[in-house]
Amino acid sequence: MNTNKDTINGLKVIEWEFAETPRSTPTSRRYYEEVIKVLLEDNSEVFACIWQGCEFTRESASGVWPHLKVHKRKDKKASAASPVNVSDLSVSELIGRAQQAETYRSERDVAVRELQKASKELAEWKPRAKAAEKQIQTIRSAFSAVA
Ligand SMILES: [Zn+2]
């Protein structure tokens, strides 16, 4: 990842910072991980892709964001498949999601345990049911022998 772009569009980079996402607020700042806001020597501002050797710029950060998937494709498929930009989530959101996942997991564990218990009981009852069936047959044939 390149954070020391010297020039963009032939203009010298004066300074740069990570670009804020549309969800960023004055009280809760959020930044793109791979989109930077660049101040150029002619005092103009552009938003640029942070990847090394990439010259992609747009007038807005949200214009650069869709471009980033070009680089993801070269990465592991898993990261490309991830629909959530984790860097766009606040810490509390991340914790919330983790807790939610944990809740789903424990609910699933309870369901699995109940299923295991039920099938274990079924296994215990099967021989008893078979034995009862046999007894009934014995009683039936005893009756039919009498009749
Ligand atoms: Zn790029």
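Everything that follows concerns the structure shown earlier in this document.
Predicted, not measured: the structure shown is a model, and the values here were computed from it.

Visitor: Could you clarify how one ought to interpret the pairing of strand S4 (residues 45-49) in this entry?
Guide: If a strand is regular, its side chains alternate between the two faces of the sheet. Across the five residues that make up S4, a large majority, four, are buried. Counting the residues that bridge the hairpin from strand S3 (residues 31-40) to S4 gives four residues, and of these Asn 43 lies at a positive phi of roughly 70°.

Visitor: What is the right way to read the coordination of the zinc ion from this model?
Guide: Note on metal geometry: ideal angles are 109.5 degrees for four donors arranged tetrahedrally and 90 or 180 degrees for six donors arranged octahedrally. Note on the zinc ion: its protein donors are Cys 49 (SG), Cys 54 (SG), His 67 (NE2) and His 71 (NE2). The metal-donor distances range over 2.0 to 2.2 Å. Coordination at the zinc ion is tetrahedral: its four donor atoms span angles of 99 to 119° at the metal. Read from N- to C-terminus, the donor residues coordinating the zinc ion fall into the pattern C-x4-C-x12-H-x3-H. Of the two residues, Cys 54 sits in the loop between S4 and strand S5 (57-58) while His 67 sits in the loop between helix H1 (61-64) and helix H2 (69-72), which places them 13 residues apart along the sequence. A relative accessible area of 12% means that Cys 54 is categorised as buried. On the basis of relative accessible area, His 67 is assigned to the buried category, the value being 11%.

Visitor: Whenever I open this one, the pattern of salt bridges confuses me. Can you help?
Guide: A side chain with one charge may pair with a side chain of the opposite charge, provided their charged atoms come close. Under the counting rule described, the total for this entry stands at four salt bridges. When the shortest N-O distance is used, the salt bridge between Lys 72 and Glu 34 registers 2.5 Å. A residue pair is termed long-range when its members are at least 10 positions apart, and Lys 72 in helix H2 and Glu 34 in strand S3 qualify at 38 residues. Asp 109 is paired through a salt bridge with Arg 108; the nearest N and O atoms lie 3.3 Å apart. Judged by its relative accessible area of 33%, Asp 109 falls in the partly exposed class.

Visitor: So what exactly am I meant to see when it comes to the environment of Gln 52 here?
Guide: Tracing the backbone shows Gln 52 in the loop between S4 and S5. For Gln 52, a relative accessible area of 60% puts it in the exposed group. Between the C-alpha atoms of Gln 52 and Lys 5, which are 47 residues apart in sequence, the distance is 8.1 Å.

Visitor: Explain the sheet that holds strand S1 (residues 7-8) to me, please; I cannot follow it from the model alone.
Guide: The pairing of strands in a sheet happens through backbone hydrogen bonds and is either parallel or antiparallel. Taken in spatial order, the five strands line up as S1-S2-S3-S4-S5 in an open sheet, and their pairing is antiparallel. Where the open sheet ends on each side, the last strands, each with one partner, are S1 and S5. Pairing of S1 with strand S2 (residues 11-20), which is carried by two bridges, proceeds in the antiparallel orientation. When the sheet's bridge partners are listed, Ile 8 is paired in S2 with Leu 11.

Visitor: Quick question: what am I supposed to make of the nonpolar core here?
Guide: A general tendency of soluble globular proteins is for nonpolar side chains to be buried together. Counting ten residues, the largest nonpolar core is built from Ala 19, Tyr 32, Val 35, Phe 47, Cys 49, Cys 54, Phe 56, Ala 61, Val 64 and Leu 68. Secondary structure elements with two or more residues in this core: S3, S4 and H1. Not counting chain neighbours up to four residues away, the residues in contact with Val 35 comprise Phe 18, Ala 19, Phe 47, Ala 48, Ala 61, Val 64, Trp 65 and Leu 68. Residues Val 13, Ile 36, Val 38 and Ala 48 belong to the second largest nonpolar core, which totals eight residues.

Visitor: How do you make sense of the environment of Ala 48 when you look at a structure like this?
Guide: Along the polypeptide, Ala 48 turns up in strand S4. A relative accessible area of 0% means that Ala 48 is categorised as buried. With residues near it in sequence (within four places) discarded, Ala 48 still touches Ile 8, Glu 34, Val 35, Ile 36, Val 38, Phe 56, Thr 57 and Val 64.

Conventions adopted
- Residues numbered from 1 in each chain as written.
- Predicted model: local features only at pLDDT ≥ 70, side-chain atom pairs only at ≥ 80, totals over all residues.
- Heavy atoms only, no water.
- Buried < 20%, exposed > 50% of the residue type's maximum accessible area, 1.4 Å probe, protein only.
- Helix = DSSP H or I, 4+ residues; strand = E, 2+ residues; numbered from the N terminus.
- Pairing = 2+ DSSP bridges.
- Donors = N, O, S within 2.8 Å, 3.2 Å for Na, K, Ca; no water.
- Tetrahedral: all angles 85-135°; square planar, octahedral: opposite > 155°, others 65-115°.
- Salt bridge = Lys/Arg side-chain N within 4 Å of Asp/Glu carboxyl O.
- Core = buried A, V, L, I, M, F, W, Y, C linked by side-chain atoms within 4.5 Å.
- Contact = heavy atoms within 4.5 Å.

Spatial relationships are all this shows, so hold off on functional conclusions.
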